[in-house]
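Here's the letter readout for the chains.
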Number of protein chains: 10
Amino acid sequence: MTTAIVLVDVERTAMPHFGEELAAVEGVAEAMSVSGEWDFVAIVRVEETGRLSNLVSGEIGGLPGVLRTHTMVAFETFTD
Amino acid sequence: MTTAIVLVDVERTAMPHFGEELAAVEGVAEAMSVSGEWDFVAIVRVEETGRLSNLVSGEIGGLPGVLRTHTMVAFETFTD
Amino acid sequence: MTTAIVLVDVERTAMPHFGEELAAVEGVAEAMSVSGEWDFVAIVRVEETGRLSNLVSGEIGGLPGVLRTHTMVAFETFTD
Amino acid sequence: MTTAIVLVDVERTAMPHFGEELAAVEGVAEAMSVSGEWDFVAIVRVEETGRLSNLVSGEIGGLPGVLRTHTMVAFETFTD
Amino acid sequence: MTTAIVLVDVERTAMPHFGEELAAVEGVAEAMSVSGEWDFVAIVRVEETGRLSNLVSGEIGGLPGVLRTHTMVAFETFTD
Amino acid sequence: MTTAIVLVDVERTAMPHFGEELAAVEGVAEAMSVSGEWDFVAIVRVEETGRLSNLVSGEIGGLPGVLRTHTMVAFETFTD
Amino acid sequence: MTTAIVLVDVERTAMPHFGEELAAVEGVAEAMSVSGEWDFVAIVRVEETGRLSNLVSGEIGGLPGVLRTHTMVAFETFTD
Amino acid sequence: MTTAIVLVDVERTAMPHFGEELAAVEGVAEAMSVSGEWDFVAIVRVEETGRLSNLVSGEIGGLPGVLRTHTMVAFETFTD
Amino acid sequence: MTTAIVLVDVERTAMPHFGEELAAVEGVAEAMSVSGEWDFVAIVRVEETGRLSNLVSGEIGGLPGVLRTHTMVAFETFTD
Amino acid sequence: MTTAIVLVDVERTAMPHFGEELAAVEGVAEAMSVSGEWDFVAIVRVEETGRLSNLVSGEIGGLPGVLRTHTMVAFETFTD
């Protein structure tokens, strides 16, 4: 399984409902509105890295109001 | 409960063991080494925002080899 | 109580009245026009962190002429 | 009276006590540790702009562990 | 008296006459077209800091073709 | 005559006396400590552009504590 | 032979088919969608450096949806 | 004589003929399309610094498709 | 198989031999010295994404003189 | 023949003699000290692109006091 952190900026008008729409995308485990430079963060978990292409560009990038996304792919995950 | 995403840069020599040390910090739900500008991401969950000050500056910032951290505080979280 | 510093950039045409409109938003304790990269700073105080999502994205972000906002959430406040 | 927002970055080792030291500087009305790129924010209020030079460079800049500061001077303040 | 350095970017079409228009604003002691990232620099001298708000946002910002401004407020001035 | 705006960053320890030293350099018409990203601004006036090389790199750059300088050369100056 | 790495950003709507279109450009040895700041990377191999001008600006830059490109020219290549 | 290096970004549609148009501007000794962040570089030689204002803003900036320019003025030139 | 583009900056003294050392790392298909902001680019091919963590942080990051690395993970690759 | 523009930053102490040393490097057609973010610009002309690797990293990068270099390779040159 591959985990990725996707940072998302959206248009002002899309903000009120974007968190719920982002969380509803299959593969998005958790979405949150955040402080700082970016508007939203999505924690994504997919079966294989190749699936990220369509998930980020197609499904998240295709949500109404998305301005830009930035993906950090996890090489390895650690839990205690 | 407050969730935060903490981005961490570490010295090259600290890299091999840092993921496990980061995951072992109380309050860190998950740690991962990532592609791109930052070396590690920690998903943090604490009872209240005030606890983040000590967790980020004191405990994560105090791990050997930490160069800089950048915290995004979740205003609201969404799950499907 | 959570304190946050919200930096705001606005369109040139909105500038003359923006300071007063920003100060009138509930939760904004003080607004100011400032030197440097950003046009305005709002000092925000809310009962809980979760309230920031709607205040920043919805109410401040919804004021006419807002181009972008950047929020710094206070982990801890110190007064002498 | 002139208000200014001073952003401060400090060395990791200085973090645990810096908030209290910053708040104790005369002219600093409130200090806070914050999320994002900067470590601390100070809300400063002085009788006249000329006083900021010594306060920022001399007194805040002279605190142990200060790496860099960035000051935004308020042109005008608005309260509701 | 407060001195400030105002950096100004303007639309290409406004460039031929902008220097003269900028110099004609009351409070602008000297204007110049410059090399590098910004198009123009204005040296501004006003009776008090509060006057800068209207001068920069209203008068300079209101000149035709202004894209963005960036103000550095002088804390103290030194002449030999 | 060529005018130039020289931005200067200095070490924290040099700050208390730097303004006077900068103003004393021949060719520096006025020096000021400023808000924002840079510590000092010098307004420089020289007989010809070629003189700037030595003035900025040699004389200003040679003052104790100078970390970096950034020069904007005026193409044309406008006064009302 | 000259090798170059071309980074490409495209409009959201162009994303689904862009990888194949980029790979079909003569001189593009391999194209990929990537994590991080840029959307696509093309590995380009041409007979001589002069050919890069038309390939990058004309052919890749002329594909529908291209927003910006950034080329890194290889001085020397090493394989084991 | 004053030498300057002018970096130029142009719209994608202007690229095919821009190099020749840039080279044809009086005062431009050599133009080139380049790798990296900028699209073109012009090496400019004029009788005096004051001439750069009109050459860069008026003539180069007035060519069809120019998005932005950035000028580095030579203080001194060295040849072997 | 996962492909990644790794950008590498090295100390000046390491430059003469770094290209060969980089190409000799197992998993690096091709290395090149490049124009622009970064010194070297490595094209990396590994069996699975999880292997990138050790390859980038451990093996490439452990080469003498490495200052920083930046990895772009390919989601999908396209060849004609 | 390949032309390249090499931007160079040097230590303050190296500045007084650096222009002459840079101009004396074989392949450097002209060197100049410049305004703005970089200290020096070298106009380089070599027989083939492969020669740039050694010229920039080895010879220019090996001059005393060089902090960093940034090379823009000309794809095509235009003269009137």
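Refer to the structure printed above.
A quick note: this is a predicted structure, and the numbers were derived from the prediction, not measured.

Undergrad: What am I meant to see in the relation of the copies chain E and chain D here?
TA: The operation linking the two copies of the chain is a rotation about an axis combined with a translation along the axis. Once chain E has been moved 0.0 Å along the axis and rotated by 180°, it coincides with chain D to within an RMSD of 0.0 Å. Here the two chains are linked by the operation of a two-fold rotation axis. Both copies present the same face, since 100% of the interface residues in chain E are matched by interface residues at the equivalent positions in chain D.

Undergrad: I would appreciate a short explanation of the pairing of strand E1 (residues 2–10) of chain C in the present structure.
TA: Look at any regular strand and the pattern is simple: side chains alternate between the two faces of the sheet. All names here are of chain C. Counting buried positions along E1 gives 9 out of 9 residues, so the element sits mostly inside the fold. Pairing geometry for E1 and strand E3 (residues 40–46), over 7 bridges, is antiparallel. In the strand pairing of E3, Thr2 is matched with Val46. Judged from the 7 bridges that link them, E1 and strand E4 (residues 66–78) form a sheet pairing that is antiparallel. Note on E4: the bridge partner recorded for Leu7 is His70.

Undergrad: What am I meant to see in the interface of chain A and chain B here?
TA: Many analyses report the size of an interface as the accessible area lost when the parts associate. Each partner contributes to the interface: chain A provides 28 residues, whereas chain B provides 28 residues. Buried area between chain A and chain B, both sides added, is near 2,400 Å², and the carbon and sulfur share of it is 63%. When residues of chain A are sorted by the area they lose upon contact with chain B, A:Ser35, A:Met72 and A:Phe78 head the list and together hold 25% of the total. Here chain A and chain B share 2 salt bridges between them.

Undergrad: Looking at this model, I keep getting lost on the environment of C:Gly19. Mind explaining?
TA: Relative to the helices and strands, C:Gly19 is located in helix H1 (residues 15–23). Along the chain, C:Gly19 and C:Thr3 lie 16 residues apart, while their C-alpha atoms are 19 Å from each other. Those residues within four positions of C:Gly19 in sequence are excluded, and the remaining contacts are C:Ala31, C:Phe40 and D:Phe78.

Undergrad: Please clarify how the relation of the copies chain A and chain B should be interpreted in this entry.
TA: When chain A is fitted onto chain B, the two copies agree to an RMSD of 0.0 Å after a turn of 180° and an axial shift of 0.0 Å. Interface overlap between copies: 100% of the residues of chain A at the interface are likewise at the interface in chain B, consistent with a symmetric, same-surface contact.

Undergrad: Please clarify how the sheet that holds strand E4 (residues 66–78) of chain H should be interpreted in this entry.
TA: Pairing between the strands of a sheet comes from backbone hydrogen bonds, and it takes one of two forms, parallel or antiparallel. Strand order in the closed barrel formed by 8 strands is E1(H)-E3(H)-E2(H)-E4(J)-E1(J)-E3(J)-E2(J)-E4(H), and the pairing between neighbours is antiparallel. On average, each strand axis in the sheet is inclined to that of its neighbour by 35°, with strand direction left out of account. The sheet strands contacting helix H1 (residues 15–23) of chain J are E4 of chain H together with strand E1 (2–10), strand E2 (28–34), strand E3 (40–46) and strand E4 (66–78) of chain J, and the helix crosses E3(J) at an angle near 10°.

Undergrad: Explanation requested: the interface of chain E and chain D in the structure shown.
TA: With 9 residues of chain E at the contact, the number on the chain D side is 9 residues. Carbon and sulfur atoms make up 69% of the area that chain E and chain D hide from each other, which totals about 830 Å². Its largest share of buried area at the contact with chain D, chain E owes to E:Thr49, E:Ser53 and E:Phe75, together 65% of the area lost on that side. At the boundary of chain E and chain D, one finds 0 salt bridges. Our count for the chain E to chain D interface comes out at 3 residue pairs in polar contact (both at pLDDT 80 or more). If one sorts the elements of the side of chain E that touches chain D by residue count, strand E4 (residues 66–78) of chain E sits on top with 5 residues.

The rules we used
- Residues numbered from 1 in each chain as written.
- Chains lettered and ligands numbered in written order.
- Predicted model: local features only at pLDDT ≥ 70, side-chain atom pairs only at ≥ 80, totals over all residues.
- Heavy atoms only, no water.
- Least-squares fit on C-alpha atoms with pLDDT ≥ 70 in both.
- Contact = heavy atoms within 4.5 Å.
- Buried < 20%, exposed > 50% of the residue type's maximum accessible area, 1.4 Å probe, protein only.
- Helix = DSSP H or I, 4+ residues; strand = E, 2+ residues; numbered from the N terminus.
- Pairing = 2+ DSSP bridges.
- Buried area = accessible area lost by both parts, 1.4 Å probe.
- Salt bridge = Lys/Arg side-chain N within 4 Å of Asp/Glu carboxyl O.
- Axes fitted to C-alpha atoms, helices over the stretch in contact; angles between N-to-C directions.
- Polar contact = N/O pair within 3.5 Å; in protein donor to acceptor, adjacent residues only side chain to side chain.

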